[in-house]
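# Tertiary structure, described
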Amino acid sequence: MHNDSRIERDRHRTLSSELDRLDPSPPGAGAAALVQTTTISSYPTAAGVFFAANPVEIDAVESEGQTATFTADTTQILFALNTGTSTPPAGTRVIAHGVGGRWVFRYDG
């Protein structure tokens with residue numbers, strides 16, 4: 001009986017690890033996030049590179065025609081790869097997706 005419990009725990013641990021690897025989002029993140037590009041030391045000047053970004057919070061009354069307020073959380077920095085063809089201006093809001101444990105967005109201008 002003791003062996004059966006150990007085997008079940010090992011199976012559960014293995015399955016849990018496998019499921020964690022299937023999750024495409026970076027740790028602690030959902031599948032997509034609104035982010036705003038920012039500068040740490042020097043802003044990138046080409047597409048196809050990682051950009052520093054801050055997560056953006058949205059505050060609004062959810063009703064048709066209502067406006068929203070966007071607030072970048074400057075206490076958090078993440079890096080997102082731009083797979084697009086253009087460099088977004090600093091401060092551009094984009095939707096970043098979790099892909100293979102990395103953040104990715106596409107900006108084409």
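Shown above is the structure to which this text applies.
Let me sum up the structure you'll find in this document.

Reading the values: the criteria
Residues numbered from 1 in each chain as written. Predicted model: local features only at pLDDT ≥ 70, side-chain atom pairs only at ≥ 80, totals over all residues. Heavy atoms only, no water. Core = buried A, V, L, I, M, F, W, Y, C linked by side-chain atoms within 4.5 Å. Buried < 20%, exposed > 50% of the residue type's maximum accessible area, 1.4 Å probe, protein only. Helix = DSSP H or I, 4+ residues; strand = E, 2+ residues; numbered from the N terminus. Contact = heavy atoms within 4.5 Å. Phe/Tyr/Trp six-rings, centres within 6.5 Å; stacked < 30°, edge-to-face > 60°. Lys NZ or Arg CZ within 6 Å of the ring centre and 35° of its normal. Patch = residues over 30% accessible without salt bridge, like charges linked within 9 Å, V, L, I, M, F, W, Y side chains within 5 Å. Areas by Shrake-Rupley, 256 points an atom, 1.4 Å probe, with all protein chains shown as cover. Salt bridge = Lys/Arg side-chain N within 4 Å of Asp/Glu carboxyl O.

With eleven residues, the main nonpolar core is built from V35, Y43, F51, A53, L78, A80, V94, A96, W103, F105 and Y107. Elements that contribute at least two residues to this core include exactly β2 (50–60), β4 (78–82), β5 (93–99) and β6 (102–105). Leaving out residues up to four positions away in the same chain, A53 has contacts with V35, Q36, T37, T38, Q76, I77 and L78.

Before going further, it helps to spend a moment on the packing of aromatic side chains. In this structure the tally under the stated criterion is two aromatic pairs. Look at Y43 and F51: their rings are 5.4 Å apart centre to centre, the planes differ by 65°, and that puts the pair in the edge-to-face class. Neither Y43 nor F51 differs from the other in exposure class; each is buried. Aromatic side chains F51 and F105 sit 5.9 Å apart centroid to centroid with 70° between the ring planes, which places their arrangement in the edge-to-face category. Placement of F51 in strand β2 and of F105 in strand β6 is noted, with a sequence separation of 54 residues between them. The buried category is assigned to F51, whose relative accessible area is 0%. For F105, a relative accessible area of 3% corresponds to the buried category. Put simply, the rings of Y43, F51 and F105 pair up and form one aromatic cluster. Looking at R93, its charged tip hangs above the ring of F70, at a distance of 4.0 Å from the centre.

The next subject is the environment of A52. The topology assignment puts A52 in strand β2. Taking the relative accessible area as the measure of exposure, A52 reaches 8% and is therefore buried. Considered as a pair, A52 and T38 are 14 residues apart in the sequence and their alpha carbons are 5.5 Å apart. For A52, the residues in contact, after removing those within four places along its chain, are Q36, T37, T38, I40, I77, L78 and F79.

Okay, the environment of A90 next. Note on placement: A90 falls in the loop between β4 and β5. Accessibility expressed as a relative area gives 51% for A90, which makes it exposed. With 39 residues separating them in the primary sequence, A90 and F51 have C-alpha atoms 9.5 Å apart.

On to a nonpolar patch on the surface. A cluster of nonpolar side chains, contributed by I40, F50, I77 and F79, occupies part of the molecular surface with about 410 Å² of accessible area. As for its position among the elements, I77 is in the loop between β3 (68–72) and β4. Classification of I77 as partly exposed rests on a relative accessible area of 43%.

Right, let's talk about the pattern of salt bridges for a bit. Taken as a whole and judged by the stated rule, the model has one salt bridge. For R106, the salt bridge identified is with D108, shortest N-O distance 2.7 Å. By relative accessible area, D108 is classed as partly exposed at 40%.

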